[in-house]
Amino acid sequence: MEYIIIIIGAVFVNNIVLAQFLGICPYLGVSARVSTSIGMSGAVMFVMTLATLVTFLIFNYILVPLHITYLQTISYILVVASLVQMVEIILKKVSPALYQALGIFLPLIVTNCAILGVTILAVRDDFGFNLLEGVVFAVGNALGFALTIILFAGIREHLELMDVPRGMRGAPAALVVAGILALAFMGFANLV
Amino acid sequence: MGQLQNFTKGFIRENPVFVLLLGLCPALGVTTSAFNGLGMGLATTFVLVSSNIVVSLIKNLIPTKVRIPSFIVVIASFVTIVSLVMEAYMPALFESLGLFIPLIVVNCLVMGRAEAFASKNNTWSAIVDGLGMGLGFAFALTILGGVREILGAGELFGWSIFAGDGMLVFVLAPGAFIGLGYLVALNNIVKKKLG
C-alpha cells in the first residue's frame, strides 16, 4: 500500500515535470512526435531506476560513514554519467533491438536534471526512504515523466495544424500548453 | 567579434532562456519572486565564469576524448563551492532555491558554454562570454520572477505594488510556464525590431 501511495504521489501530485520543473529540456526538446517521446520515456525510466539504486547505496554506505556528504553532487554526476555510458555499451552488446530504440536518447540523459534531481531527492532526510522505497520512488517519477511527455507530444502534434499567431508559434505556444497541462495536474493536489 | 558584442549578445539576441531555451528547469522552478530569480542567476553566473576560466586554461592539457567528463568535474567542483558558501552566508536563499543549487551541474547553459566557447577561445574572451551569458541568464530569471511576483502577489522585490491578493496561479507552477511562454514571444518581437 505504501508503495502505491509513493507511486501515485510521484506520478500525479508532485509530478516531476509539471510541479517540480525537472527534466524540462527533454520535455520541450523531444516532444514533437509521440514516437520519440515514448523512446525518451523508456530511456529515462531505465536510467533513473538504475541510477537511484546505485547512488542510494553510495550515499548511505560510502558518503555518510566517511562524513563526506558534501561530495554528493560531484559523485552523483560522475555515477550518472558513467552509468549512462555503461548502459549504452551493454545494451549495444546484449540487446541491439533495445539499443536501436533507446540509443540516441541515452547521451542526452546525462544532462537531464530529472535523473540527478530524483537521485538527490531519494536520499533526503524528510522522506526517510529505505532502498526499496527509494527505487519505487524513482520508478514513480519515471512514470510521471512518461505520462506528461507523451500527453504533451500528443497535444503538440495537433498544435502544428492550428493557426497560432505568428509571434506565438513554436516554443511560446508549447510553453503555454505546458502551463495549461500543469493547471490540469493541480487538480490532483491533496490526492494522497 | 568585439568584446563588447561578445558581452551583450547574452541579453536579447542570444539570451540563454528566451532564445536558446537553455537552463529552463531553474528558470521555471525558482522564479516565484524577482529576488529568487536574481539569486539563482548570480549563482549560475559565478559557476559559469569560473568554469569558463578553468576550462579555457586547461583546454590544451586534456585529451579530446575525456573532455566532457573533465568539464563536468570542473563544473561540479564550483557548484559545490557555491552551495557551501550560500548555505553558510545566505541560508534563507539557500533554503528557497533548494534542489536547484546542486542541479546547476546539469544546467545545459554551463556545459554548453564550456564545450562551445571556452574550450576554443582564450581566457579573456571566455571570461567575457561567461559574464555576458551568465548576466543574460540572471536578467531573464529576474524578469520572469518579477512578472510572476507582480501578477501573483502584487509585490516586486518584496515591495508592495498594488493592494490585494493578485492571481495566485502566477506564483504556482502553471504561471511559470505561461509567463515564460509570453516572455519568449515578447523577446521574439523585440529581437525582430532590433533587426
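Along chain B, the regular secondary structure elements total eight helices and two strands. Each helix (α) and strand (β) of chain B, taken in turn from the N terminus, gives the series α-α-α-α-α-α-α-β-β-α. Here the C-alpha radius of gyration of chain B, 17 Å, is about what a compact globule of 195 residues would show, namely 16 Å. Projected onto its principal axes, the C-alpha coordinates of chain B cover approximately 60 × 45 × 25 Å. The burial tally for chain B puts 52% of its 195 residues in the buried class.

Our next topic: the overall build of chain A. Looking only at helices and strands, chain A has nine helices and zero strands in total. In chain A, the succession of helices and strands from N to C terminus is α-α-α-α-α-α-α-α-α. Along the first, second and third principal axes, the C-alpha atoms of chain A reach 60 × 45 × 30 Å. Every one of the 192 residues in chain A was classed for burial, and the buried ones make up 41%.

Take helix H3 (residues 34-58) of chain B next. Along its 25 residues, H3 of chain B runs 36 Å from first to last C-alpha, staying within 8% of the 36 Å computed at 1.5 Å per residue. Counted residue by residue, H3 of chain B has 18 buried out of 25 residues, so it is predominantly covered.

The next thing to look at is the interface of chain A and chain B. Between chain A and chain B, the contact holds 29 residues from the first and 33 residues from the second. Elements supplying a minimum of two residues to the side of chain A that touches chain B: helix H2 (24-29), helix H4 (72-94), helix H7 (113-121) and helix H9 (171-185) of chain A.

In terms of nonpolar packing, the biggest core is built from 114 residues, with Leu116 of chain A together with Ile75 of chain B touching the most fellow members. The element best represented in this core is helix H7 (residues 123-153) of chain B, accounting for 11 residues. Beyond its immediate stretch of four places on either side in the chain, Ile75 of chain B contacts Val47, Ser51, Val105, Val110, Met111 and Ala114 of chain B.

What follows deals with the environment of Ile6 of chain A. Along the chain, the position of Ile6 of chain A falls in helix H1 (residues 2-13). Note: C-alpha distance between Ile6 of chain A and Ile62 of chain A (56 residues apart in sequence) is 26 Å.

With respect to the helices and strands, the residue Ile120 of chain A is situated in helix H7. Taking the C-alpha atoms as reference, Ile120 of chain A lies 12 Å from Leu53 of chain A; in sequence the two are 67 residues apart. Beyond its immediate chain neighbours, meaning those up to four positions away, Ile120 of chain A contacts Tyr76 of chain A together with Leu99 and Pro102 of chain B.

When pLDDT is averaged along chain B, the result is 88; 99% of the residues meet or exceed 70. Taken together, the chains of this predicted complex give a pTM of 0.87 and an interface ipTM of 0.85.

Another point: unusual backbone geometry. In the Ramachandran plot, Phe21 of chain A falls in the positive-phi region, its phi being about 55 degrees despite a non-glycine side chain. Tracing the backbone through its elements, the reader meets Phe21 of chain A in the loop between H1 and H2. Its 28 C-beta neighbours within 10 Å are what place Phe21 of chain A among the buried residues. At Leu21 of chain B, a residue that is not glycine, the phi angle is positive and equals roughly 55 degrees.

All names here are of chain A. The N-to-C vectors of H4 and H7 enclose an angle of 130 degrees; their axes lie 10 Å apart at closest approach. The orientation of H4 relative to H7 falls into the category oblique. Crossing of H4 against H7: the hand is right-handed. Taking contact as the criterion, the partners of Tyr76, Ile77 and Val80 in H4 are, on H7, Ile115, Leu116, Thr119 and Ile120.

What follows concerns H1 of chain A. All names here are of chain A. Across its 12 residues, H1 extends 15 Å between first and last C-alpha, which sits within 8% of the 16 Å expected from 1.5 Å per residue. For H1, the complete set of buried residues consists of Ile6, Ala10, Val11 and Phe12. Looking at the buried positions of H1, the neighbouring elements they touch are helix H8 (131-159) and H9.

It is worth spelling out the environment of Gly166 of chain B at this point. Looking at the element boundaries, Gly166 of chain B is found in the loop between strand E2 (159-160) and helix H8 (173-194). Put simply, Gly166 of chain B and Ile150 of chain B are 16 residues apart on the chain and 7.7 Å apart in space, counted from C-alpha to C-alpha.

Criteria and cut-off values
- Residues numbered from 1 in each chain as written.
- Chains lettered and ligands numbered in written order.
- Predicted model: local features only at pLDDT ≥ 70, side-chain atom pairs only at ≥ 80, totals over all residues.
- Helix = DSSP H or I, 4+ residues; strand = E, 2+ residues; numbered from the N terminus.
- Rg over C-alpha atoms; globule rule 2.2 N^0.38 Å.
- Buried ≥ 20, exposed ≤ 12 C-beta atoms within 10 Å, placed from the backbone.
- Expected span 1.5 Å × (residues − 1).
- Contact = placed C-beta atoms within 7 Å.
- Core = buried A, V, L, I, M, F, W, Y, C linked by C-beta atoms within 7 Å.
- pLDDT = per-residue confidence, 0-100.
- Axes fitted to C-alpha atoms, helices over the stretch in contact; angles between N-to-C directions.
- Parallel < 35°, antiparallel > 145°, perpendicular 65-115°, else oblique.
- Left-handed = near helix turned anticlockwise from the far one by under 90°.

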